[in-house]
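Understanding the architecture of this molecule
The residues making up each chain are set out below.
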Amino acid sequence: MSKFTVLDHPLIQHKLTMIRDKNTGTKDFRSIANEIAELMVYEITRDLPMESVEIETPMGKSMQKVLAGKKLAVIPILRAGLGMVDGVLELIPAAKIGHIGMYRDEKTLQPHEYFVKLPADIDKRELFVVDPMLATGGSANMAIDALKKRGATNIRLVVLVASPQGVEAIQKEHPDVDIYAASLDTELTDSGYIFPGLGDAGDRLFGTK
Ligand SMILES: O=P(O)(O)OC[C@H]1O[C@H](OP(=O)(O)OP(=O)(O)O)[C@H](O)[C@@H]1O
Ligand SMILES: O=c1cc[nH]c(=O)[nH]1
Ligand SMILES: [Mg+2]
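Quick notes on the rules
Position labels on residues start from 1 in each chain and follow its written sequence. The naming scheme follows written order: chains are lettered A onward, ligands numbered 1 onward. Per-residue local features of the predicted model are confined to residues with pLDDT of at least 70, and side-chain atom pairs are confined, for both listing and counting, to 80 or more; whole-chain, interface and lining totals are unaffected and use all residues. Computation of side-chain values: all heavy atoms of the structure, hydrogens and water removed. Pairing between two strands is assigned when DSSP locates at least 2 bridges connecting them. Each helix corresponds to a stretch of at least 4 residues labelled H or I by DSSP, and each strand to a stretch of at least 2 residues labelled E; elements are numbered beginning at the N terminus. Relative accessibility under 20% of the residue-type maximum defines a buried residue, over 50% an exposed one, and the middle range a partly exposed one, all with a 1.4 Å probe and only protein chains included. Here Asp and Glu are counted as negative and Lys and Arg as positive; His is not counted, and neither are the chain ends. Within this document, salt bridges are pairs made up of a side-chain nitrogen of Lys or Arg and a carboxyl oxygen of Asp or Glu, the two lying within 4 Å of each other. Whether two residues are in contact is decided by their heavy atoms: any pair within 4.5 Å suffices. For this purpose, a residue is taken to be near a molecule or strand whenever a single non-hydrogen atom of the residue falls within 4 Å of it. Contacts described as polar in this section are N or O atom pairs within 3.5 Å, which, within protein, must combine one atom able to donate a hydrogen with one able to accept it, while residues neighboring in sequence count only if both atoms come from side chains. For the accessible areas, the method is Shrake-Rupley and the probe is 1.4 Å, while residue cover comes only from the protein chains on display. Basically, the charged four are Asp, Glu, Lys and Arg, the nonpolar ten are Ala, Val, Leu, Ile, Met, Phe, Trp, Tyr, Cys and Pro, and anything else, Gly included, counts as polar.

Let us look at the pairing of strand E7 (residues 111-117). Note that strand E6 (residues 99-104) and E7 share six bridges and pair antiparallel. Residue pairing across strands places Arg104 opposite Pro111, the latter belonging to E7. Taking the residues that link successive antiparallel strands as the turn, the E6-E7 hairpin has six residues, and the phi of Leu109 there is positive, at about 65°.

Structure, rendered in structure tokens:
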């Protein structure tokens, strides 16, 4: 079974509390969501493999470490996943970006895919799928299906807030995909929203209703 990790760094927790607050407006929500994503990626990338290369400093030749292995790509699940991309790019500016458009039917809670545009070499990249909310898990599961169908093999899912049902759904469908969250919240409401959650992340990021 895949790993599920809550990143409980105090800065992440503090900032998450700020965006949970319903009085936090779009401008702050947007910037703080990206700050959290940046801090999360800093923690998640601790295990990236390294290799030694020879370089020459002004003092002479020396063996030093650089990142080894696969290149990265960030895959936001539209729309709300866009709210985490800039934060990731602060740390990994050369990452390619793929987009998967997904909306959840408000009544049935079933996800619908409406857009997929990915880097050509996703089979060779380590992919970070980002979306602030993992509720029923339907959208993330379908997004991961779309990636695997196109050859992706190395996928991690990074969310701000997860529900227990969402984590279980991903672990069942995609036991190879590790999940990282800033919080595991207590429940899903009858209307499919995470409680306490942050409300509708897409609407809060983009100022829609
Ligand atoms: O785990 P699930 O039950 O599938 O719910 C989570 C999905 O719902 C939200 O997207 P939404 O459909 O509201 O689209 P948006 O990002 O355009 O607002 C959220 O950003 C996730 O993609
Ligand atoms: O709580 C939730 C659940 C799904 N989508 C959101 O934006 N928020
Ligand atoms: Mg939404």
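Relative to the elements of secondary structure, Leu11 occurs in helix H1 (residues 10-20). Classification of Leu11 by relative accessible area gives partly exposed; the value is 44%. Put simply, Leu11 and Thr57 are 46 residues apart on the chain and 35 Å apart in space, counted from C-alpha to C-alpha.

This next bit is on the side chain of Arg204. In this fold, Arg204 is placed in helix H6 (residues 201-206). No salt bridge is formed by the buried Arg204; its nearest oppositely charged neighbour, Asp21, is found at 6.2 Å. Leave out the neighbours within four places in its chain, and Arg204 touches Ile19, Arg20, Asp21, Lys22, Thr24, Thr26, Phe29 and Leu198.

As a structural note, the neighbourhood of ligand 2 is formed by Arg104, Met133, Ala135, Gly192, Tyr193, Ile194, Gly199, Asp200 and Ala201. Within the contact set of ligand 2, an oxygen atom lies 2.8 Å away from a backbone nitrogen or oxygen of Ile194. Here an oxygen atom of ligand 2 sits 2.9 Å away from a polar atom, N or O, in the main chain of Ala201. Contact with the protein chains hides 88% of the accessible area of ligand 2, taken as 240 Å² for the molecule alone. In terms of residue class, the shell around ligand 2 is built from five nonpolar, two polar and two charged.

Here we take up the pairing of E6. In this structure, strand E4 (residues 71-78) lies alongside E6, joined through two bridges in parallel fashion. Bridging from a neighbouring strand, Leu78 pairs with Gly101 of E6.

Not every one of the 16 residues close to ligand 1 is listed here, only the nearest: Arg79, Arg104, Asp131, Thr136 and Ser139. Thr136 has a polar side-chain atom sitting 2.6 Å from an oxygen atom of ligand 1. Against a free-state accessible area of 500 Å², the protein chains account for coverage of 90% of ligand 1. Residue assignment for the shell around ligand 1 shows that the elements contributing at least two residues are E6, strand E9 (133-134) and helix H4 (138-149). Per-element accounting of the shell around ligand 1 gives the leading share, three residues, to E6. Here the shell around ligand 1 is built from residues that sort into seven nonpolar, five polar and four charged.

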